[in-house]
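Survey of secondary and tertiary structure
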Amino acid sequence: LFCLHYARINPMIFQIRLSTGSFLELCLGLLILTGFAFVMIVIKKIPLHRVFLLIGFGFGVLSCLINTPGSIPDEPAHASNIYLWSNRLLGVREELVPSSNPVYIKINSLARRADVENASLYLNSETTINSYQQILHGTNWFYSNSDRQLVTELLQDHSVTPIMYLPAILGFTLARLLSLGYYPMLMLGRLLMLVFYVFAASWSIRKIPVGKMTLFVTALLPMSIHLAASLSYDAVILGLAMMTFAYIVYLAYGDIERIGAKEWLTMAALGALLAPCKVGVYLPILLLLFLIPTMKLGGRRKYVWFVASVMIAGVASCILMNLNALAVGVNKTPLQSNNGDAFYSVQWVLHHPMDTLWMMMNTVKRQLSTWIQSAAGVRLSWFSIKISQWVITGFECCLLLTTLKEYDRPPIAPSLRQRLLLFLPIILCVFVFLFGMLLWWTPVGDTLIEGVQGRYFIPMIPLAMFAIPQSSITLHLKRGERRIPWKGFSSVLAMACVMLSCASFLNQVVVILGR
């Protein structure tokens, strides 16, 4: 019905043969994927983490094909940075280009000749029917010896930890070793980023003892899938954030009686991997370690050692991986935009603390609703693809419904102090984001902090939902009482998310084909 509805209200997509074929192929793919989802969720009642392996990967592949390389925010810059790290993995020489900006650095390195020529053809910010035609008729899938000839190329280094790009770095390197062309190289990098995200989300859903549906819905949000199937480091960040949160909740509320060396090392590793992402803005998530009961460590002394060691691992990793970015904080000279406008500096913040606080509060007041909508995915690509509001509202309702008490399961009831603790990382993350963007993105004189995107707060969604007390609703009807959630309610909720995802993809395609 969704396919017929979008076809009826968008007749222009059937005027060109390629757009007609693209739309019908998407419809077929969505029908097959939804059919598998119905069998797994409703008939077979397969656990959610296994369902997500298929559904998440299927939707991610569709997103890869629908949105051509470059159409995801900042993807051309990410591709350049990934290529640079692939060069470093292969031992290619490089030379630093002098710059006043210690964060966004230019590097003189080498690249395959055909890659340099094809970059402008494939890394376009807007996907159109011409983009599909270029891929079908102009793609060089394998390079010849002359195509692989190395030439000098200026690449970008964003001074971020390579952990965030690792799957794509491996994909780029493998593609170059196999002499694959530029477009296959980009898609292989995207595919490995998607694989990591899907397995990370599936592992998180399996591990967390309560709130599995919350993670499932969060992982299926249009913006989450949009980023997961791209070269953006947000794919890895979202996966690591879900894994860290799920493992802390597992240690705090799971059926584990005593935390041993294995759990200790796993938690320290997750903290060390997540902490350096985006210069430590997600480091406050580790404060949730205080949810873990002392008795699970065998005493207060071991508990203090456990929390301290994980925190130290996270902080040390953050500092070591972000030395250039942290240097901005001690640099007296403010950064400048491409137009030469000076950004706010730490010195200005120290001399105007109340003005800084007012700017932050004013920004939150003005932008909060926009961030919430953006995190769900109301505008995809470079804000050029608008998803219907009813789809976004549907996902938001599904998230709220995940806070209902699970059927036939005793609810986990954190104390008031623990619920307040869940909101603390959210508040701190918002503060760190605002402070960072004030220094790196906001010109002096602006009254609102610029550059903060809703997608940055997707890792905070499970924390906010977990802090809401679990409850149930009883409806008094003429036929008797009806309790919500009922038996099988989770299956209905999961299928609703799948159907909303289908509507989101149809929405994206009709916008693209209508250009």
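One can find the structure itself at the top, above this paragraph.
Residues numbered from 1 in each chain as written. Predicted model: local features only at pLDDT ≥ 70, side-chain atom pairs only at ≥ 80, totals over all residues. Heavy atoms only, no water.

1. Re the overall build of the protein chain
Helix and strand counts for the protein chain stand at 20 helices and seven strands. A compact globule built from 515 residues should have a C-alpha radius of gyration of about 24 Å, and the protein chain, at 24 Å, falls within 12% of that. Taking the principal axes of the C-alpha coordinates as reference, the protein chain spans close to 75 × 60 × 45 Å. Counting only residues that meet the buried cut, the protein chain has 54% of its 515 residues in that class. Restricting the contact set of the protein chain to residue pairs at least 6 apart, pairs at least 24 apart contribute 78%. (Helix = DSSP H or I, 4+ residues; strand = E, 2+ residues; numbered from the N terminus. Rg over C-alpha atoms; globule rule 2.2 N^0.38 Å. Buried < 20%, exposed > 50% of the residue type's maximum accessible area, 1.4 Å probe, protein only. Contact = heavy atoms within 4.5 Å.)

2. Observations regarding a nonpolar patch on the surface
A surface patch of nonpolar side chains, amounting to about 370 Å² of accessible area, comprises Leu-28, Ile-32, Phe-36 and Leu-54. Per element, the largest residue contribution to the nonpolar patch is three residues, and it comes from helix H2 (residues 17–43). Along the chain, Leu-28 falls in helix H2. Using a relative accessible area of 51% as the deciding quantity, one classes Leu-28 as exposed. (Patch = residues over 30% accessible without salt bridge, like charges linked within 9 Å, V, L, I, M, F, W, Y side chains within 5 Å. Areas by Shrake-Rupley, 256 points an atom, 1.4 Å probe, with all protein chains shown as cover. Salt bridge = Lys/Arg side-chain N within 4 Å of Asp/Glu carboxyl O.)

3. Structural notes on the pattern of salt bridges
Applying the stated rule across the entire model yields ten salt bridges. Here Arg-190 ties to Glu-75 by a salt bridge, and the two come within 2.9 Å at their closest N and O atoms. Placement of Arg-190 in helix H8 (residues 182–207) and of Glu-75 in helix H4 (residues 75–90) is noted, with a sequence separation of 115 residues between them. Overall, Glu-75 belongs to the buried group, its relative accessible area being 0%.

4. Points about the packing of helix H16 (residues 353–376) against helix H17 (residues 389–401)
Between H16 and H17, whose axes approach to 9 Å, the crossing angle comes to 90 degrees. Comparing their axes, H17 and H16 come out roughly perpendicular. Every residue of H17 that contacts H16 at Ile-372, Gln-373 and Ala-376 is listed here: Gln-389, Ile-392 and Glu-396. Considered class by class, the residues forming the contact of H16 with H17 number three nonpolar, two polar and one charged. (Axes fitted to C-alpha atoms, helices over the stretch in contact; angles between N-to-C directions. Parallel < 35°, antiparallel > 145°, perpendicular 65-115°, else oblique. Nonpolar A, V, L, I, M, F, W, Y, C, P; charged D, E, K, R; others polar.)

5. Description of the nonpolar core
In terms of nonpolar packing, the biggest core is built from 170 residues, with Phe-23, Phe-59, Phe-216, Met-267, Tyr-282 and Phe-306 touching the most fellow members. The element contributing the most residues to this core is helix H11 (residues 234–253), with 17 residues. Residues within four places of Phe-59 in sequence aside, it is in contact with Leu-30, Leu-33, Leu-220, Ile-225, Val-498, Ser-501, Cys-502 and Phe-505. (Core = buried A, V, L, I, M, F, W, Y, C linked by side-chain atoms within 4.5 Å.)

6. Let's talk about the state of the cysteines
Summed over all chains, the structure comprises zero disulfides. No disulfide involves Cys-3; its sulfur sits 3.3 Å from that of Cys-27, the nearest cysteine. Here Cys-3 falls in the buried class, since its relative accessible area comes to 17%. (Disulfide = S-S within 2.5 Å.)

7. So, the sheet that holds strand S1 (residues 95–97)
Spatially, S1-S2-S3 is the arrangement adopted by the three strands of the open sheet, whose pairing is antiparallel. The open sheet has two free edges, formed respectively by S1 and strand S3 (150–157), since each of these has just one partner strand. Adjacent strand axes in the sheet meet at a mean angle of 40 degrees when their direction is disregarded. Judged from the three bridges that link them, S1 and strand S2 (residues 105–112) form a sheet pairing that is antiparallel. Among the inter-strand pairings, Glu-95 is bridged to a residue of S2, identified as Asn-108. Here H4 sits on the sheet in contact with S2 and S3, set at roughly 120 degrees to S3. Relative to S2, helix H5 (residues 113–122) is tilted by about 115 degrees, and along the sheet it contacts S2 and S3. (Pairing = 2+ DSSP bridges.)

By themselves, these figures tell us nothing about what the structure is for.
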